[in-house]
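Fold and geometry: a report
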Amino acid sequence: MRSTLTARLLGEGLGTLLLLATVIGSGIMGGTLSGGNVAIALLGNTVATGAVLVVLITMLGPISGAHFNPAVTLVMLMAREISVREAVLYVLVQVFAAVAGVWLAHAMFDLDIWQVSEKVRSGGGQWLSETVATFGLVTTILLTRRFRPDHVAVSVGLYITAAYWFTASTSFANPAVTLARSVSNTFAGIRPGDVAPFVAAQLLGMLLAWIVVRALLDSVSEKS
């Protein structure tokens, strides 16, 4: 049974809010408890993010599709699984909910709600990393949905867990997440001036994934 648009938007909002609260909150907790050991802080951030993605996609996927990511929503628009109007509303909800999730994390840790990140994330390696990270995420989603739809939540959670460590950017792979993290001057932040190149790289990764997956699936269909 297809959920109403209101239910889908609420699902996207709730999921994105909790995702960002987890990303920022676990970054703050990791930074506080690690005693300055960045590797330990990143590990805590990684495990929490990967775990919550499995939970959020499992419980909200049947309601909204569990995009939580404008890049994923755009792919679903290109696949004609969502209308232009729905896609626009999804993206707006994702962005606003992501910022709200950041503010929620700040409030939980008694930090200033409004912040501007000073963390520099710039350079060719960072941008290439975001292209690769988003390419891998979208490819994971599209191919797992096709061949093992019951494994999407686990596959996405595991992919992001790995990508935190094999990409130089720690795998933002999400324009809404990137924008929201610019208003948090914490472990997981990104300087506002670095947001646009990250988003451009993410959209490029999404487009490349769409092209490659279509070619793969067309090849599979021809052999069937």
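Above this text is the structure in question.
The paragraphs below set out a description of the structure included in this document. This one's a predicted model, so the numbers in the text were calculated from it and none came from an experiment.

1. Considerations on unusual backbone geometry
Not every positive phi belongs to a glycine, and D110 is a case in point at roughly 55 degrees. Mapped onto the elements of the fold, D110 is located in the loop between helix 4 (84-108) and helix 5 (124-147). In the Ramachandran plot, A173 falls in the positive-phi region, its phi being about 55 degrees despite a non-glycine side chain. Looking at the element boundaries, A173 is found in the loop between helix 6 (152-166) and helix 7 (175-181). On the basis of relative accessibility, which here comes to 0%, the residue A173 falls in the buried class.

2. Notes on the packing of aromatic side chains
Aromatic rings considered in pairs are described by the distance between their centres and by the relative angle of their planes. What the rule picks out here adds up to three aromatic pairs. For the pair F172 and F198, a centre-to-centre distance of 5.2 Å together with 70 degrees between the ring planes defines the contact as edge-to-face. Of the two residues, F172 is situated in the loop between helix 6 and helix 7 and F198 in helix 8 (residues 195-223); the sequence distance between them amounts to 26 residues. The ring of F187 carries K119 above its face, with NZ or CZ at 4.8 Å from the centroid. One cation-aromatic arrangement involves R181 over F172; the distance from NZ or CZ to the ring centre is 3.6 Å.

3. Brief notes about the layout of surface pockets
Its boundaries defined by the atoms lining it, the largest pocket holds a volume of some 730 Å³. Lining the largest pocket are 40 residues; nearest its centre among them are I57, G65, A66, H67 and V72. At the level of secondary structure, the elements contributing two or more residues to the lining of the largest pocket comprise helix 1 (5-33), helix 2 (38-64), helix 3 (70-78), helix 4, helix 5, helix 6 and helix 7. At eight residues, helix 2 tops the list of elements feeding residues into the lining of the largest pocket. Of the residues belonging to the lining of the largest pocket, the class tally is 23 nonpolar, ten polar and seven charged. Its boundaries defined by the atoms lining it, the second largest pocket holds a volume of some 170 Å³. Around the second largest pocket, the lining residues are A79, E81, L142, R145, R146, W210, V213, R214, L217 and D218. Those elements giving two or more residues to the lining of the second largest pocket turn out to be helix 5 and helix 8. Take the lining of the second largest pocket: its biggest share by element is five residues, from helix 8. The residue inventory of the lining of the second largest pocket, partitioned by class, reads five nonpolar, no polar and five charged.

Definitions and limits used
Residues numbered from 1 in each chain as written. Predicted model: local features only at pLDDT ≥ 70, side-chain atom pairs only at ≥ 80, totals over all residues. Heavy atoms only, no water. Helix = DSSP H or I, 4+ residues; strand = E, 2+ residues; numbered from the N terminus. Buried < 20%, exposed > 50% of the residue type's maximum accessible area, 1.4 Å probe, protein only. Phe/Tyr/Trp six-rings, centres within 6.5 Å; stacked < 30°, edge-to-face > 60°. Lys NZ or Arg CZ within 6 Å of the ring centre and 35° of its normal. 1 Å grid on protein atoms, 1.4 Å probe; cavity = no way out; pocket = protein on both sides within 12 Å on 5 of 7 lines; lining within 4 Å. Points joined across faces, edges and corners; volume = space filled by probe spheres on them. Nonpolar A, V, L, I, M, F, W, Y, C, P; charged D, E, K, R; others polar.

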